[in-house]
Amino acid sequence: MPKRVTKDEKLENIRLLFRPNFSGEKRQFNNEGQRNFNIELDLETAEYLMEAGWTVKTWDRVDDEGNKTVIYFLKVKVNMEGRRPPKVFLISTTRNNEPRRTPLDADTVEILDALEFENIDVILSPHNYDFNGSQGVTAYLKTGFFVLAQNDLEKKYAHIPIDEGFSDGPKEIENVIDVDADWEDEEELALTSGES
């Protein structure tokens, strides 16, 4: 019988394995509505978590030359719809290099699927299960800090609020740009210059 895990676990500077699914979209190995991500573990951390009772999984990574490496990982579920949803924060930097912490909820957490991170720190809560003879521990996200990897231009323009876009389509865009502006058309230039 597996150990019962009762304490939360803090993991810092983690690395994600596979593409995260904070939106809960249906994928080959994921049912609709199930939000989750996977943490790649080094051998020492994997052995520590297994000894503590957590359900650590393995994956055989095969390189181009056919060499196999065993990868240890921990699948983490993200229950944003529960009574106590996790505290999830996106950490970014302003143009003045001032840190900014943005809380994410059930409607906004999916943005994490499209971002790259400089660092991730999490606290995980255990859920001990015994279902149809299958026993183990499911890891749930309790707290997560996701530090956005930003390049120099992203930092330069970080002080400018992001517009929601053109919700009314081309008509709204016409109000922003001068549709009669004297712009040269690339195809017309090619025709008049004899290019084909």
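Computed from a predicted structure; not experimentally measured.

### Quick notes on the overall build of the chain
Here's step 1: The number of helices and strands found in the chain is four helices and nine strands.
Here's step 2: Across the chain, helices and strands are ordered from the amino to the carboxyl terminus as β-β-β-α-β-β-β-β-β-β-α-α-α.
Here's step 3: Long-range contacts, defined here as pairs at least 24 residues apart, represent 60% of the contacts in the chain between residues at least 6 apart.
Here's step 4: Surface accessibility of the chain: about 14,500 Å² in total, with carbon and sulfur atoms responsible for 47%.

### Observations concerning the confidence of the model for the chain
Here's step 1: Residue-level pLDDT values for the chain average 83, and 81% of them are 70 or greater.
Here's step 2: Confidence, read as mean pLDDT per element, is least for helix 3 (residues 170-174) in the chain (46) and greatest for strand 1 (residues 9-11) (97).
Here's step 3: Considering only residues more than four positions removed or in separate chains, one finds that residues 169-177, a stretch of pLDDT under 50, has six contacts.

### Describing the nonpolar core
Here's step 1: Counting 29 residues, the largest nonpolar core has Phe37, Ile39, Val88, Leu112, Val122, Leu124 and Leu141 as its most contacted members.
Here's step 2: Those elements that provide at least two residues to this core are strand 3 (36-41), helix 1 (43-52), strand 5 (68-77), strand 6 (87-93), strand 8 (117-131) and strand 9 (134-148).
Here's step 3: At five residues, the largest contribution of residues to this core is made by strand 9.

### Brief notes about the pairing of strand 4 (residues 57-62)
Here's step 1: The pairing of strand 4 with strand 5 spans six bridges and is antiparallel. What sits directly across from tryptophan 59, in strand 5, is isoleucine 71.
Here's step 2: Where strand 4 hands over to strand 5, the hairpin turn is made up of five residues, of which glycine 66 adopts a positive phi near 85°.

### A look at a nonpolar patch on the surface
Here's step 1: There is a patch of nonpolar side chains on the surface, built from Leu153, Tyr157 and Ile160 and spanning about 320 Å² of accessible area.
Here's step 2: The residue tyrosine 157 is located in the loop between helix 2 (152-156) and helix 3 in this model.

### Topic: unusual backbone geometry
Peptide bonds are mostly trans, and most non-glycine residues show a negative phi.
Here's step 1: In this structure, asparagine 13 takes a positive phi of about 50° despite not being glycine.
Here's step 2: Its location among the elements puts asparagine 13 in the loop between strand 1 and strand 2 (15-21).

### Thoughts on the pairing of strand 7 (residues 99-104)
Here's step 1: Bridging between strand 6 and strand 7 involves six bridges; their strand directions are antiparallel. Residue pairing across strands places phenylalanine 89 opposite proline 103, the latter belonging to strand 7.
Here's step 2: What sits between strand 6 and strand 7 in their antiparallel hairpin is a turn of five residues, with asparagine 97 showing a positive phi close to 60°.

### Some remarks on helix 1
Here's step 1: Its side-chain oxygen at 3.2 Å from the backbone nitrogen of glutamate 44, aspartate 42 defines the N-terminal cap of helix 1.
Here's step 2: With its phi angle positive at about 115°, glycine 53 sits one or two positions after the end of helix 1.

### Topic: the pattern of salt bridges
Here's step 1: Going through the model one piece at a time under the given rule, you end up with six salt bridges.
Here's step 2: Ionic pairing is found between lysine 142 and aspartate 8, a salt bridge with its closest N-O pair at 2.7 Å. Of the two residues, lysine 142 sits in strand 9 while aspartate 8 sits in the segment before strand 1, which places them 134 residues apart along the sequence.
Here's step 3: Residues aspartate 60 and lysine 68 are paired through a salt bridge, measuring 3.9 Å at the closest nitrogen-oxygen approach.
Here's step 4: Overall, the relative accessible area of 39% leaves aspartate 60 in the partly exposed class.

Conventions we followed
- Residues numbered from 1 in each chain as written.
- Predicted model: local features only at pLDDT ≥ 70, side-chain atom pairs only at ≥ 80, totals over all residues.
- Heavy atoms only, no water.
- Helix = DSSP H or I, 4+ residues; strand = E, 2+ residues; numbered from the N terminus.
- Contact = heavy atoms within 4.5 Å.
- Areas by Shrake-Rupley, 256 points an atom, 1.4 Å probe, with all protein chains shown as cover.
- pLDDT = per-residue confidence, 0-100.
- Core = buried A, V, L, I, M, F, W, Y, C linked by side-chain atoms within 4.5 Å.
- Buried < 20%, exposed > 50% of the residue type's maximum accessible area, 1.4 Å probe, protein only.
- Pairing = 2+ DSSP bridges.
- Patch = residues over 30% accessible without salt bridge, like charges linked within 9 Å, V, L, I, M, F, W, Y side chains within 5 Å.
- Salt bridge = Lys/Arg side-chain N within 4 Å of Asp/Glu carboxyl O.
- Polar contact = N/O pair within 3.5 Å; in protein donor to acceptor, adjacent residues only side chain to side chain.

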